[in-house]
Amino acid sequence: MWQVFLCFVVVTLSCACNRFVETDMVARQILTSAPHTLVALTPEFSLRNSEVALHKQYLLLDEKKYFPIIGILRVDGKSYRFMGGDSLRVMPLIPLSDDSCGWLAKYSYLYPGAGWKENAYDDKLWHDGMGAFGTEDNKYTSHTIWGANKIYVRRHFTINDKNMLKERKLYLRYICDDGLSLYCNGKDVFQTNRFTSQSKCVLLNDFADYLKDGDNVIASCGYNIGGPAMMDFGLYMENDMYNEVDTACLEQVDVQATQTHYTFRCGGVELSLNFVSSTLLSESAFSESPVGFMSYRIKEDREESPHDIEILFDVDMEWLNGKKEMENCVRRDWRILHSEGLCIGSMVNDMEYSNEDGHVIFSQKLCGKNKVGGVLLFGYVERDSLQYEGENLMPYWNRKGNQNIQDMLVSMGERYLILEDECNNIDYQWNKKAFQLGNENLAEKIILSYREFLASHRLVETSDGKKFCFADTLGSVRDAYCYFPSLMFFNRVDWMKNLLDPIFTYSENGYWKKEYPPYDIGLYPIINRQVKKDDCGIEVAADMLMMVVAIVELEENFDYARMHWGTLCRWADYLKESMPETNSDFGGLVGENDERVKRILGWMAYRRLTHLKEIYD
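Only a predicted model underlies this, so the values are computations on that prediction, with no experimental measurement involved.

Here is what the cut-offs are and how they apply
- Residues numbered from 1 in each chain as written.
- Predicted model: local features only at pLDDT ≥ 70, side-chain atom pairs only at ≥ 80, totals over all residues.
- Heavy atoms only, no water.
- Helix = DSSP H or I, 4+ residues; strand = E, 2+ residues; numbered from the N terminus.
- Expected span 1.5 Å × (residues − 1).
- Buried < 20%, exposed > 50% of the residue type's maximum accessible area, 1.4 Å probe, protein only.
- Contact = heavy atoms within 4.5 Å.
- Pairing = 2+ DSSP bridges.
- 1 Å grid on protein atoms, 1.4 Å probe; cavity = no way out; pocket = protein on both sides within 12 Å on 5 of 7 lines; lining within 4 Å.
- Points joined across faces, edges and corners; volume = space filled by probe spheres on them.
- Axes fitted to C-alpha atoms, helices over the stretch in contact; angles between N-to-C directions.
- Left-handed = near helix turned anticlockwise from the far one by under 90°.
- Nonpolar A, V, L, I, M, F, W, Y, C, P; charged D, E, K, R; others polar.
- Core = buried A, V, L, I, M, F, W, Y, C linked by side-chain atoms within 4.5 Å.
- Parallel < 35°, antiparallel > 145°, perpendicular 65-115°, else oblique.
- Bend = angle between axes of the 7 residues up to and from the residue.
- Polar contact = N/O pair within 3.5 Å; in protein donor to acceptor, adjacent residues only side chain to side chain.
- Phe/Tyr/Trp six-rings, centres within 6.5 Å; stacked < 30°, edge-to-face > 60°.
- Lys NZ or Arg CZ within 6 Å of the ring centre and 35° of its normal.

**Student:** Would you mind showing me how to read helix α11 (residues 565–577) here?
**Tutor:** Quick reminder: α-helices carry 3.6 residues per turn. Residues three or four places apart thus point the same way. In this model, α11 (13 residues) spans 18 Å end to end at C-alpha, consistent with the 18 Å of a helix rising 1.5 Å per residue. Among the residues making up α11, those that are buried are W565, T567, L568, C569, W571, A572 and L575. The inward-facing, buried residues of α11 abut α8 (493–508), α9 (537–555), α10 (559–563) and α12 (595–616).

Right under this line is the structure:
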């Protein structure tokens, strides 16, 4: 684990990096990294690549959720996909109630006995109903009242040619409250016990094998454990609108400190994409704001005649947020679309816009000397407020309550070319520093770790002016310890303090009574108590002491440690009391997180602090 000797290796490394002598080495070296954060906005919404090649998979928001954006470049009528995977556009085989006027079905409240899932089961004595099924107090429209704890439903549908479906991906779209089990012609298809108020979509692997030409049956069992009840489901297949196009040829991936550059070949045209996070620009007016952008530019081969070129972006907002409609406004020549916290912006005069059945489509003609590129803006406002001591903490970028994400996007869009120049200058300096370490693997880890930190943390301010930095697990000591090396490298001592301050505050305000720090102080969005069941007292005490040493060494100032000296001494005493009485207790191999190592490192960090205290006092 590369963060283990944080205090004694990385501190020295970071300080040494600040004293490098200029050399003639080439600063702009390229990292062709594996998956990483492309645009760091918020923990709830940051764009990541699932693999290096953008044209093979969709962008990711987290490990399980895709951001459904497709990028197409049309050159002289021929289309090339440079971003996104198979088309997420789906067509109904048997639609949801929301996509139709309801669907006919048979239903029963009583357990129907063995064989009820099978196609051959006789359901003539069941009640006739129309989906969706639900209680009257449900916000989702239901056509048949569901008046029991359980309901059994059989939905018949006809397939004319099942072989046609074997070449297409098939999806289940559903809404349930509280649980749902689905079977097709007797085969188990899908189970969930998680309530959802909006339509969800899941890929059905091998589903076509369960179908047959003629009559088919999807049998379902829904159950309600209390409160509103709802059940709706439909079967959809992919549309091949974008599947038939050629894929662009990926020529280069260039990962820099603040940007990721992609270069594609599409016939006789070179396409460049650039992903930028404003959070990576420490001196920018947008540095704390959840906004970023993706710029694009084309370059035609000189020896060929001019091409007819069009770029297109298709974002499936219904797939993403379960909504077809979204807010649409124009501000200072910029169109801003807003749906469930997400904002996407484009230049009105450059880009054509349409909204087709929940798909937002941007398209732009690229030709001539003046229109060879453009930009797509992204912004996100988290829906929950972080709660601390009965107070809803404002995100730091909007700490005075006078900012809105639309205006931030417009301001960034008007300056995006200037911001790219700033990024280039920053990249020159930081990449030069990273590669002067002499280890490409370490340089890559530092740069990408910093991006992931910005994507997974939020900065907030309390009413009395305290700045706190949190991931989803609030005040996690282990989380802070893992990111300290990259923060040190980028001289973000402010963020380092913002990570530790809520832990010190929680420990010193009487909320925490133990002789070591809390492992964490809650789970987003409420700061109330430690979530982790194990205290891991030795680990967190040692980590906190080492991280404070890092801050003191980096600042060359003892003020931060002096503010918390009594607390640090109490944690050090706890480590000293837990020391083994004999050296024999240290026998055998130790692991990377072995408590015996942590005790020694933590105690050594405290000894270093006492030495520094003498120097600075």
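**Student:** Can you walk me through the pairing of strand β25 (residues 327–331) in this structure?
**Tutor:** Where a strand is regular, its side chains alternate between the two sheet faces. Of the pairings in the sheet, the one linking β25 to strand β26 (residues 334–339) comprises five bridges and is antiparallel in character. Bridging from a neighbouring strand, V330 pairs with R335 of β26. As consecutive antiparallel partners, β25 and β26 are separated by two residues, and within that stretch R332 has a phi angle of approximately 45 degrees, a positive value.

**Student:** Where do I start with empty space enclosed by the protein in this structure?
**Tutor:** Rolled over the atoms, a probe sized like a water molecule indicates the empty space that remains. Applying the stated criterion to the full structure yields three cavities of 30 Å³ or more. For the largest cavity, the calculated volume is near 40 Å³. Lining the largest cavity are H457, C469, F470, A471, T473, G475, S476, D479, A480, L499 and I503.

**Student:** Hey, could you run me through the packing of α8 against α9 in this one?
**Tutor:** To describe two helices that pack against each other, one gives the angle between their axes and the distance between the axes. In the contact formed by α8 and α9, the axes pass within 11 Å of each other and the chain directions differ by 145 degrees. Note on packing geometry: the crossing formed by α8 with α9 is left-handed. Here V493, M496, K497, L500, I503 and F504 of α8 lie close against α9, whose contacting residues are M544, M547, V548, A550, I551, L554 and E555. Residues belonging to the contact of α8 with α9 are distributed by class as follows: 11 nonpolar, no polar and two charged.

**Student:** What's the story with the nonpolar core in this structure? I'm lost.
**Tutor:** The nonpolar side chains of a soluble globular protein tend to be buried, and buried together. Ranked by size, the top nonpolar core spans 122 residues in total, and within it F67, L73, F82, F275, F313, L500 and L609 carry the most contacts. No other element matches the 14 residues that α9 contributes to this core. With residues up to four places along the chain from it excluded, the contact list for F313 reads I69, I70, G71, F82, M83, M294, Y296, M351, V360, I361, F362 and L376. Core analysis: the next-biggest nonpolar cluster, separate from the first, contains 29 residues, V153, L172, L182 and M237 among them.

**Student:** Just checking my understanding: could you explain the packing of helix α7 (residues 477–489) against α8 for this structure?
**Tutor:** In the contact formed by α7 and α8, the axes pass within 9 Å of each other and the chain directions differ by 165 degrees. If you check the angle between α7 and α8, you find them roughly antiparallel. Like other packed secondary-structure pairs, α7 and α8 cross with a definite hand, here left-handed. In contact with V477, A480, F484, L487 and M488 of α7, α8 contributes W495, M496, L499, L500 and I503.

**Student:** Is there a simple way to think about the environment of T567 in this case?
**Tutor:** Mapped onto the elements of the fold, T567 is located in helix α11. Look at T567 and you get buried, because its relative accessible area is 7%. In the structure, T567 is positioned 51 residues away from Y516 in sequence and 8.8 Å away in space, judged by C-alpha atoms. Among all residues touching T567, those that are not within four sequence positions of it are F504 and E508.

**Student:** Explain α7 here, please?
**Tutor:** For α7, with 13 residues, the first-to-last C-alpha span of 19 Å sits near the 18 Å given by 1.5 Å per residue. The axis of α7 is deflected most strongly, by about 40 degrees, at Y483, and proline P485 appears within four residues downstream. For α7, the tally of buried residues reaches 10 of 13 residues, placing the bulk of the element in the interior. Every buried residue belonging to α7 is among V477, A480, Y481, Y483, F484, P485, S486, L487, M488 and F489, and all of these are buried. Structurally, the start of α7 carries an N-cap: the backbone nitrogen of D479 is 3.2 Å from a side-chain oxygen of S476. Just downstream of α7, N491 is the residue with a positive phi angle, here 55 degrees.

**Student:** Is there a simple way to think about the packing of aromatic side chains in this case?
**Tutor:** What describes a pair of aromatic rings is the distance from one ring centre to the other and the angle between the planes of the rings. The tally for this structure, following the rule as stated, stands at 37 aromatic pairs. A ring pair is formed by F207 and Y210, whose centres lie 6.1 Å apart and whose planes are at 70 degrees; its orientation type is edge-to-face. Judged by its relative accessible area of 3%, F207 is buried. Relative accessible area serves as the criterion here: at 28%, Y210 is assigned to the partly exposed category. Joined through ring pairs, the aromatic side chains of F82, Y262, F264, F275, Y296 and F313 make up one cluster. Of note, K117 hangs over the ring of Y183, and the distance from its end group to the ring centre comes to 4.2 Å. Stacked on the ring of F489, the Lys or Arg K433 has its end atom at 4.7 Å from the ring centre.

**Student:** What should I look at first to understand the sheet that holds strand β9 (residues 127–131) in this one?
**Tutor:** In a beta sheet, neighbouring strands pair by backbone hydrogen bonds and run either parallel or antiparallel. Spatial strand order, β9-β8-β12-β17-β14-β15: six strands in an open sheet with antiparallel pairing. Both edges of this open sheet fall to β9 and β15 (187–192), since each of them pairs with a single strand only. Each neighbouring strand pair of the sheet contributes to a mean axis angle of 30 degrees, computed without reference to strand direction. As judged from the three bridges shared by strand β8 (residues 103–108) and strand β12 (residues 150–159), these two strands associate in the antiparallel manner. If you follow K106 over to β12, its bridge partner there is R154.

**Student:** Help me understand the environment of C423, please; the structure alone is not making it clear to me.
**Tutor:** Relative to the assigned elements, C423 resides in helix α5 (residues 416–435). Beyond its immediate stretch of four places on either side in the chain, C423 contacts T258, Q259, V276 and L281.

**Student:** It is not clear to me how unusual backbone geometry should be interpreted in this structure. Could you clarify?
**Tutor:** Most peptide bonds adopt trans geometry, and most residues besides glycine take a negative phi value. Following D177, the chain continues to D178 via a peptide bond in cis, the omega torsion being 20 degrees. By secondary structure assignment, the location of D178 is in the loop between β13 (170–177) and β14 (179–184). For the bond from Y524 to P525, the omega torsion is 15 degrees, close enough to zero to count as cis. Looking at the element boundaries, P525 is found in the loop between β36 (522–523) and β37 (526–527). Not every positive phi belongs to a glycine, and D333 is a case in point at roughly 70 degrees. Positionally, D333 belongs in the loop between β25 and β26. Overall, the relative accessible area of 45% leaves D333 in the partly exposed class.

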